[in-house]
Each structure stands twice: as C-alpha cells, then as structure tokens.
Amino acid sequence: MLVTCINEQTWEDSLTVFCGIDWAEGHHDIAVVDDTGTLLAKARITDDVAGYNKLLALLAEHGDSPTTPTPVAIETSHGLLVAALRTGSREVFAINPLAASRYRDRHGVSRKKSDPGDALVLANILRTDMHAHRPLPADSELAQAITVLARAQQDAVWNRQQVANQVRSLLREYYPAALHAFQSKDGGLTRPDARVILTMAPTPAKATKLTLTQLRAGLKRSGRTRAFDSETERLRGIFRSEYAHQLPAVEDAFGHQLLALLKQLDATCQAADDLAVAVEAAFREHGDSDILLSFPGLGPLLGARVLAEVGDDRSRFADSRALKSYAGSAPITRASGRKRFVGRRFVKNNRLMNAGFLWAFAALQASPGANAHYRRRREHGDWHAAAQRHLLNRFLGQLHHCLQTGQHFDEQHAFAPLLEATP
C-alpha cells in the first residue's frame, strides 16, 4: 500500500480529522484531512482483509481511537469495507453519489475527476457539512440480519412475479387454455397446482390427452387436499375446449421453452417461500415485533419489511416527521416567488413505501378507524393512492410514538375523532 503523509507533525488531541473513501471493486482511495482542510494523508488500498487492516492502521495513526473516532464518508452503505469501518464507535456516513458530485464542483469548474480527488471531496463534505448528513444507524445485529432477510425475500417475490409474467406472455402465444385454467385463481401461475399441471402438459395437445386420474394425481402432488373431483372436471373441460393452435412443430418448441421457464418459476417460488420462513423466525425474535404486530394490517412478513427499513436505533429519526420524510409519505413543498406547489416525494426509501402501501391497504379491512380516515380523504378529493399515502403518513407517526414509548397500538386512541364521527 502506498501511503503519502502530507504533513509530519506531533498529533494533538484537539485536532479534528475526517476521512473520505472513494470505493471501487478492486481498490479504494483514501483521503484524510484536518479541520482546516489540510490533506494529512492519502492512500490506495486493496479490497481484502489486508487492505482493511491497513486502512484501520492509517486512521489510528492519525488519531482514530475508541474515545476519539474518526468520522468516515463513503458512497455506499453496505459491503465488507463498511462492516470493517463500523467496528467500535466510529460513525460512517453514506453520502449520496449525486450529492457528492455537486460538492465536486465547489473545488473547481474544469470538471476534472479522479478517484483520489473524489476521496478528498468526501472528506471535505464531513469537514464542512457533517451536520447536514446522517451517519449509518446503529442498529442491532438482529435488526441488520432482518434487513438482509426481508430485502432478499422482497427481491425473491419481485423475481417470482417477473418470471410469472414471462410465463403468462408465453402462454398467450400458443396455450390460452392454461391461462383460462389458472390465471383467475388466487396466486395465478405461481400456484403449485398450476406449475405441476403445466409441467405434465406443456402443450395444448398434451393437455387434451390428460385423464381424470392423471389430473387428480397432479393435484395431489402439488399439495392440494380437497375438491379433487370438481377441479379435475373443470380442468379437463377447459383443456378439451376448442382453441386456436400453432403448427405442431412450433407448438412443441413453445412447450420446451415453457418447461425451461417453469424450472425458473419453481426456483423463485421456493426461494420466496424459504426466505419468508427465515424472515418470520428472525422477526419474532426481535423485541419490537410485538409492537409492530399490534398495528392493523401488519403481519409477520410485512412487519419484518417495515422493521428492516426503520431499524431499531431509536436516535435514527429525530421525530416522526423525519420518519415520514424518509418513507416518502410526507408531502414536499416547492415555492419560488408567486409559485407554490405541494406534491409527493420522489426521493424516498422505495422499499418502505412499497411495504407501506400494502400496510395501508390491508388496514382498510382490519381497522375501522383506518377505513374511516381513508374514506374521509377520498371525500375530500384524494385519489386512491393519495388517500393511502395519507393513511400511511398517519400510521408512521403512530408507529414512531409507539416505538419510542414501548406502547402497543390502540385503535380507540389513534382514531378517536374519526370513530366518534362514524355512524
């Protein structure tokens, strides 16, 4: 590792030091500056244990210690490098790359760019504006594990739907009977019985030859436990109805493509189910799970997604407004001169907003107060999405209060005026 010390001086406890890291796949550039902006050291380290150890040694050489930790700015919030930096009490600031690019223009108008220069820019961001940026939350180990599992399960669900959409598009090309058989049912083409039957008969020609016994065996193999006779009769009637067909050879080719996609669909469905079990198990071990489950519309899986994005660091959000802004449920105002516009936020935690919309929708059936709040917003002119976002905004304020005070959700206290006004 090449380390260049710019100033050789005796270290003083009163000197404040800031570190910036421009990370890459194979190496990382380091810059260390003092509170006057003087570059104390710069280095390039490798992305391995040896590189991380050299980085920590460089920070210790310039005053980093458990009592006086050196704040670090980097353009990512995850990875082994960040995990190594977060050991102890050191604060790590994940700077948005767009914000960092704006700071780069403060140091010159030539638009030049280099990795060491970007590391210096990141260090100076903390030196001048550390108060305007938030360090990574000090979540517990279990909360961080729930974040990994919940996000992975959410990604698996999205991947499952993406592959299911590919299967649906393919079936429209040559196999409309399969869509009529399974598309209208809950779960659609991701249902176990749909995947088993389509694997048995990947073409319309093979589907017409399925007997009641074969269909019954396929349904049993998929895990179905009741209504075999009515379902087998229904499927045989659909498969033997009259539909348009592709040429036989073309139909067989589509069948091979369908079998390949079904293997992918089986894998994504299994991954989503396995991760859901792991998420629920980890979520129920967390101390905040009882509070989250007390809210209407939140089950173990959805509650885990909310906890994954909110975390359990109580100092992360100064108040409920900060949480609402982070989620994107709070509106944003743009005013200039005589123009004033109030609209929804586009820069937000998209995962939390996705979980929030599901939460608000589920709460309409589970909570009379939430339903009354939603109906009132619709009567005032809000569209469905705006009314749901407003309901989520209210729920997040209540959630912040409950997590801070350790209380469970109370329907009567949360929606008292609305419940009194409901006939």
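Residues numbered from 1 in each chain as written. Predicted model: local features only at pLDDT ≥ 70, side-chain atom pairs only at ≥ 80, totals over all residues. Heavy atoms only, no water.

Enquirer: How do you make sense of unusual backbone geometry when you look at a structure like this?
Expert: Backbone phi values are negative for most residues with the exception of glycine, while trans is the configuration of most peptide bonds. You will see that A227, though not glycine, has its phi angle at about 55°, which is positive. Mapped onto the elements of the fold, A227 is located in the loop between helix 9 (212–221) and helix 10 (228–239). By relative accessible area, which is 34% here, A227 ends up partly exposed. (Helix = DSSP H or I, 4+ residues; strand = E, 2+ residues; numbered from the N terminus. Buried < 20%, exposed > 50% of the residue type's maximum accessible area, 1.4 Å probe, protein only.)

Enquirer: Would you take a moment to explain the pattern of salt bridges for this structure?
Expert: Pairing between side chains of opposite charge can happen when the charged atoms of each approach one another. Going through the model one piece at a time under the given rule, you end up with 19 salt bridges. One salt bridge connects R90 with D64, and the closest N-O pair in it is separated by 2.7 Å. Of this pair, R90 sits in the loop between helix 2 (80–85) and strand 6 (92–94) while D64 sits in the loop between helix 1 (49–61) and strand 5 (72–74); the two residues are 26 residues apart in sequence, bridging distant segments of the chain. Each of the two residues, R90 as well as D64, counts as buried. Where E231 meets R234, a salt bridge forms, and the shortest distance between an N and an O atom there is 2.8 Å. Here the residue E231 and the residue R234 both occupy positions in helix 10, the gap between them amounting to three residues, near one helical turn. Here R234 falls in the partly exposed class, since its relative accessible area comes to 28%. Through salt bridges with shared partners, a single ionic network connects K185, R191, D193, R224, E231 and R234. (Salt bridge = Lys/Arg side-chain N within 4 Å of Asp/Glu carboxyl O.)

Enquirer: What should I look at first to understand the nonpolar core in this one?
Expert: If you look at soluble globular proteins, the nonpolar side chains tend to sit buried side by side. Counting residues in each nonpolar core, the largest one holds 39 residues, and the members touching the most others are F295, V306, W359, F395 and L399. Mapped by element, the contributors of at least two residues to this core are helix 5 (141–174), helix 11 (248–285), helix 12 (289–293), helix 13 (300–310), helix 14 (320–327), helix 15 (350–366), helix 16 (368–379) and helix 17 (384–405). Here the element with the most residues in this core is helix 17; it accounts for eight residues. Discounting residues that sit within four places of it in the chain, F395 has contacts with F295, P296, W359, A363, A370, F409 and F415. In this structure, Y175, A178, L261 and C269 belong to the second largest nonpolar core, which totals 31 residues. (Core = buried A, V, L, I, M, F, W, Y, C linked by side-chain atoms within 4.5 Å. Contact = heavy atoms within 4.5 Å.)

Enquirer: Help me out: how do you make sense of the confidence of the model for the protein in this one?
Expert: Segments scoring low in pLDDT should not have their predicted coordinates read at a detailed level. Taken as a whole, the protein shows an average pLDDT of 89; of its residues, 94% reach a score of 70 or greater. Taken element by element, the protein is modelled with least confidence in strand 1 (residues 2–5), mean pLDDT 50, and with most confidence in helix 11, mean pLDDT 96. Of the regions scoring below 50 in pLDDT, residues 6–14 engages in 12 contacts with residues more than four places distant in sequence or in other chains. (pLDDT = per-residue confidence, 0-100.)

Enquirer: Would you mind going over the packing of aromatic side chains with me for this structure?
Expert: Think of a pair of aromatic rings as described by two things: how far the centres are apart, and how the planes are tilted against each other in angle. Enumeration according to the criterion identifies 11 aromatic pairs in this entry. With 5.8 Å between their ring centres and 85° between their planes, F295 and W359 make a pair best called edge-to-face. On the criterion of sequence distance, the pair formed by F295 in the loop between helix 12 and helix 13 and W359 in helix 15 is long-range, its members being 64 residues apart. A relative accessible area of 0% places W359 in the buried class. (Phe/Tyr/Trp six-rings, centres within 6.5 Å; stacked < 30°, edge-to-face > 60°.)

Enquirer: Can you help me understand the environment of Q407 in this one?
Expert: Along the polypeptide, Q407 turns up in the loop between helix 17 and helix 18 (411–414). Overall, the relative accessible area of 39% leaves Q407 in the partly exposed class. C-alpha of Q407 to C-alpha of K220: the two residues are 187 residues apart in sequence and 46 Å apart in space.

Enquirer: Just checking my understanding: could you explain the pairing of strand 8 (residues 339–343) for this structure?
Expert: Every other side chain in a regular strand lies on the same face of the sheet, so the side chains alternate between the two faces. The sheet contact formed by strand 7 (residues 332–336) and strand 8 spans five bridges and is antiparallel. Residue pairing across strands places I332 opposite G343, the latter belonging to strand 8. Here strand 7 folds back onto strand 8 in antiparallel fashion, the turn holding two residues, of which G337 has a positive phi close to 65°. (Pairing = 2+ DSSP bridges.)

Enquirer: Could you clarify how one ought to interpret the side chain of N349 in this entry?
Expert: Along the chain, N349 turns up in the loop between strand 8 and helix 15. By relative accessible area, which is 10% here, N349 ends up buried. Here the side chain of N349 touches E309 through a polar contact of 3.1 Å, side chain to side chain. In this structure the side chain of N349 is engaged in a polar contact, spanning 2.7 Å, whose partner is the side chain of Y326. (Polar contact = N/O pair within 3.5 Å; in protein donor to acceptor, adjacent residues only side chain to side chain.)

Enquirer: Would you mind showing me how to read helix 3 (residues 97–104) here?
Expert: Because an α-helix completes one turn every 3.6 residues, residues spaced three or four positions apart along the sequence face the same direction. Among the residues of helix 3, A100, S101 and Y103 are the ones counted as buried. In a view along the axis of helix 3, the buried residues occupy a sector of 160°, so they form one face of it. With respect to the buried face of helix 3, the exposed residues turned more than 90 degrees away are L98 and R102. Those residues of helix 3 that are buried lie in contact with helix 4 (115–129). Where helix 3 begins, one side-chain oxygen reaches toward the backbone nitrogen of L98, 2.8 Å away; that side chain belongs to N96. (Arc of directions from axis to C-beta.)

Enquirer: How should the pairing of strand 3 (residues 27–34) be read in this particular structure?
Expert: Within strand 3, seven of the eight residues are buried, leaving the element largely enclosed by the surrounding structure. Of the pairings in the sheet, the one linking strand 2 (residues 17–23) to strand 3 comprises seven bridges and is antiparallel in character. Paired with F18 across the two strands is V33, which belongs to strand 3. Linkage of strand 2 to strand 3, two consecutive antiparallel strands, is achieved through a turn of three residues.

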